[in-house]
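# Examination of the molecular architecture
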Amino acid sequence: MSVMVARKKVVRKWEKLPGRNTFCCDGRIMMARQKGIFYLTLFLILGTCALFFAFECRYLAVQLSPAIPVFAAVLFLFAMATLLRTSFSDPGVIPRALPDEAAFIEMEIEATNGTVPQGQRPPPRIKNFQINNQIVKLKYCYTCKIFRPPRASHCSICDNCVERFDHHCPWVGNCVGKRNYRYFYLFILSLSLLTIYIFTFNIVYVALKSLKIGFLNTLKETPGTYPSTSLTVLTVLEVLICFFTLWSVVGLTGFHTFLVALNQTTNEDIKGSWTGKNRVQNPYSHGNIVKNCCEVLCGPLPPSVLDRRGILQQEESTAQEESCPRGPSAQEPTAAQGPDGQAEESSAQQKDGSLPHLSAVPAPSLSNAEMPEEKQLTSGELPVPSQDAGQAEH
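Just so we're clear, the structure is a prediction, and the values are computed from it rather than from any experiment.

Bringing the overall build of the protein chain into the picture now. Of regular secondary structure, the protein chain possesses 9 helices and 14 strands. Going through the 394 residues of the protein chain one by one, you find that 34% of them count as buried. If you take every contact in the protein chain between residues at least 6 apart in sequence, the share linking residues at least 24 apart comes to 64%. Carbon and sulfur atoms provide 60% of the accessible area of the protein chain, an area that totals close to 25100 Å².

Bringing the side chain of Asp159 into the picture now. Structurally, Asp159 is set in the loop between strand 8 (153-155) and strand 9 (160-162). Here His154 takes part through its side chain, which lies 2.9 Å from a polar atom of the side chain of Asp159. Each residue touching Asp159, except ones within four places of it in the same chain, is listed here: Gly19, Arg20, Arg96, Thr143 and His154.

This part takes up the nonpolar core. The biggest cluster of nonpolar side chains holds 38 residues, and the ones touching the most others in it are Ile45, Phe52, Leu83, Phe187 and Tyr197. Sorting the residues of this core by element identifies strand 3 (29-32), helix 1 (36-63), helix 2 (67-87), helix 4 (181-213) and helix 6 (228-262) as the ones contributing at least two each. With 13 residues, the top contributor of residues to this core is helix 4. For Tyr197, the residues in contact, after removing those within four places along its chain, are Phe52, Ala67, Ile68, Phe71, Ala72 and Leu75. In terms of nonpolar packing, the next biggest core, distinct from the first, is built from 8 residues, Ala102, Cys141, Ile146 and Cys161 among them.

Take the UniProt feature "transmembrane region" (unreviewed entry) in the protein chain next. According to UniProt, the positions carrying the feature "transmembrane region" (unreviewed entry) are residues 37-55, 67-84, 183-208 and 228-250. Taken end to end, residues 37-55 is 100% helix and 0% strand, and its first and last C-alpha atoms sit 27 Å apart. This span, residues 67-84, is 100% helix and 0% strand, and a straight line between its end C-alpha atoms measures 26 Å.

What follows is about the pairing of strand 6 (residues 134-141). In summary, the side chains of a regular strand alternate between the two faces of the sheet. With 6 bridges joining them, strand 5 (residues 126-131) and strand 6 adopt antiparallel strand pairing. By the bridge assignment, Phe129 is partnered in strand 6 with Val136. Connecting strand 5 to the antiparallel partner strand 6 that follows it, the hairpin turn spans 2 residues, and Asn132 within it adopts a positive phi of roughly 50°. Pairing analysis gives 2 bridges linking strand 6 to strand 7 (residues 146-147), with the strands arranged antiparallel. Each residue of the ladder has a partner; that of Cys141, found in strand 7, is Ile146. What sits between the antiparallel neighbours strand 6 and strand 7 is a turn of 4 residues, in which Lys145 has the positive phi angle 60°.

For the rest of this paragraph, the subject is the sheet that holds strand 6. Reading across the sheet, the 3 strands line up as 5-6-7 and stay open at both edges, with antiparallel pairing between neighbours. Both outer strands of the open sheet, strand 5 and strand 7, are each paired with one neighbouring strand and no more.

Before going further, it helps to spend a moment on the packing of aromatic side chains. For any two aromatic rings, the description comes down to two numbers: the centre-to-centre distance and the angle of the planes. Under the defined criterion, the tally for this structure stands at 14 aromatic pairs. Where Trp14 meets Phe23, the ring centres are 5.7 Å apart and the plane angle is 40°; that geometry is what we call tilted. Side by side, Trp14 and Phe23 carry an identical accessibility label, which is buried. Relative to Tyr39, the ring of Phe38 lies with its centre 5.8 Å away and its plane at 55°, an arrangement referred to as tilted. Judged by its relative accessible area of 49%, Tyr39 falls in the partly exposed class. Through a chain of ring-to-ring contacts, the aromatic side chains of Phe199, Phe243, Phe244 and Trp247 assemble into a single cluster. A cation over a ring is seen here: Arg151 above Tyr284, with NZ or CZ 4.1 Å from the ring centre. Positioned over the ring face of Tyr181 is Arg164, at 5.3 Å from the centre of the ring.

Size it by volume and the second largest pocket reaches roughly 480 Å³. Every residue lining the second largest pocket is counted, 23 residues in all, and those nearest its centre are Thr41, Trp171, Leu191, Thr245 and Val249. Elements with a contribution of two residues or more to the lining of the second largest pocket: helix 1, strand 10 (167-169), helix 4 and helix 6. Among the residues making up the lining of the second largest pocket, the classes are represented as 17 nonpolar, 6 polar and no charged.

Before going further, it helps to examine empty space enclosed by the protein. Applying the stated criterion to the full structure yields 1 cavity of 30 Å³ or more. Put simply, the largest cavity is a space of about 30 Å³. Every residue lining the largest cavity is listed: Asn21, Met30, Pro91, Val93, Cys158, Asn160, Val162, Asn174 and Cys175.

Before going further, it helps to spend a moment on the packing of helix 1 against helix 2. Following both chains from N to C, one finds helix 1 and helix 2 inclined at 170°, their axes separated by 10 Å at the closest point. Taken together, the axes of helix 1 and helix 2 lie roughly antiparallel to each other. Residues Phe38, Thr41, Leu42, Ile45, Leu46, Cys49, Phe52, Phe53, Cys57, Leu60 and Ala61 of helix 1 form the contact with helix 2, whose own contacting residues are Ile68, Pro69, Ala72, Ala73, Phe76, Met80, Leu83, Leu84 and Ser87. Classifying every residue of the contact of helix 1 with helix 2 by side-chain character gives 18 nonpolar, 2 polar and no charged.

Criteria and cut-off values
Residues numbered from 1 in each chain as written. Predicted model: local features only at pLDDT ≥ 70, side-chain atom pairs only at ≥ 80, totals over all residues. Heavy atoms only, no water. Helix = DSSP H or I, 4+ residues; strand = E, 2+ residues; numbered from the N terminus. Buried < 20%, exposed > 50% of the residue type's maximum accessible area, 1.4 Å probe, protein only. Contact = heavy atoms within 4.5 Å. Areas by Shrake-Rupley, 256 points an atom, 1.4 Å probe, with all protein chains shown as cover. Polar contact = N/O pair within 3.5 Å; in protein donor to acceptor, adjacent residues only side chain to side chain. Core = buried A, V, L, I, M, F, W, Y, C linked by side-chain atoms within 4.5 Å. UniProt positions renumbered as here; feature names shortened; annotations may be inferred. Pairing = 2+ DSSP bridges. Phe/Tyr/Trp six-rings, centres within 6.5 Å; stacked < 30°, edge-to-face > 60°. Lys NZ or Arg CZ within 6 Å of the ring centre and 35° of its normal. 1 Å grid on protein atoms, 1.4 Å probe; cavity = no way out; pocket = protein on both sides within 12 Å on 5 of 7 lines; lining within 4 Å. Points joined across faces, edges and corners; volume = space filled by probe spheres on them. Nonpolar A, V, L, I, M, F, W, Y, C, P; charged D, E, K, R; others polar. Axes fitted to C-alpha atoms, helices over the stretch in contact; angles between N-to-C directions. Parallel < 35°, antiparallel > 145°, perpendicular 65-115°, else oblique.

So this is what it looks like as structure tokens:
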């Protein structure tokens, strides 16, 4: 006997979230799908620091001070911690509207704009919002079916609306928004200091060796012995990486320091939201560099509104074979034998296979006198003669 059993399967909300994101560790880690450049970032940082700790730090700790590798380790750990915090966190993704919410918003828009004649372009879906006596326009997102909050924007790479969207950074493999901007800024700041530190002490290392045996002799040292191996090949490689990194990372740090001082985002700076032709004043700036820095870097961090690890329960029906004992009551009714020896169909089943009405089902073989009072035959019912009554008639 086949029995359908309903079994509940636990599904986390991150498994059903729209957008183009990758989740790991049961939804605790959230990144963009394009992570190739992020792996390159890890390789450059880990490779350069490993070479520096393995070769130059050992020589400099003996010749100058043991504090050199200690301070380098602190910068390295801080840079890696802020990088992973930026890459693995929710940047401030705004959930998409549910079907009921989207239908309600559409109804509000139609009621406000009215019916647009065919062939005419509908008006833009914009709401005006006032912040610090300044009118800010809230734009409608056709993908998320919501009016985006102030300073939010839709990332075309991750396919999500991000609150206080700054930019999508492929080097960290994630969007940079309200919930991870401070960690992004601390990462590029610490990486700039680490790059300058390694670049400087690489030059100091070459200078100390040159004072002892001369610069040309230093470069001519045969590799294979400590520390000439790093000097001839690895030190040059470190210097080149640090030199080219300085121009990009240090310049990026200076640019974001300027944005933090003005309480402005990269997206707003590129679009010219507050420095365009209208010369509209930035309503989010406090007019004070210290206050702006405190708000961006030290303000309260809002919690994630995605609830990635929330539980959704889905029912799955599975068929199971179940063996049941078949008693006399569970047996199929025996077909009556007709005069010609063939089985006749039961009167309780019609020719078309459907069950008859309950009134057409024959009553038990009891005489009217033997029936209890509540079982007395009513008008319209035909009594079924019992076996004894049939013999008496004959």
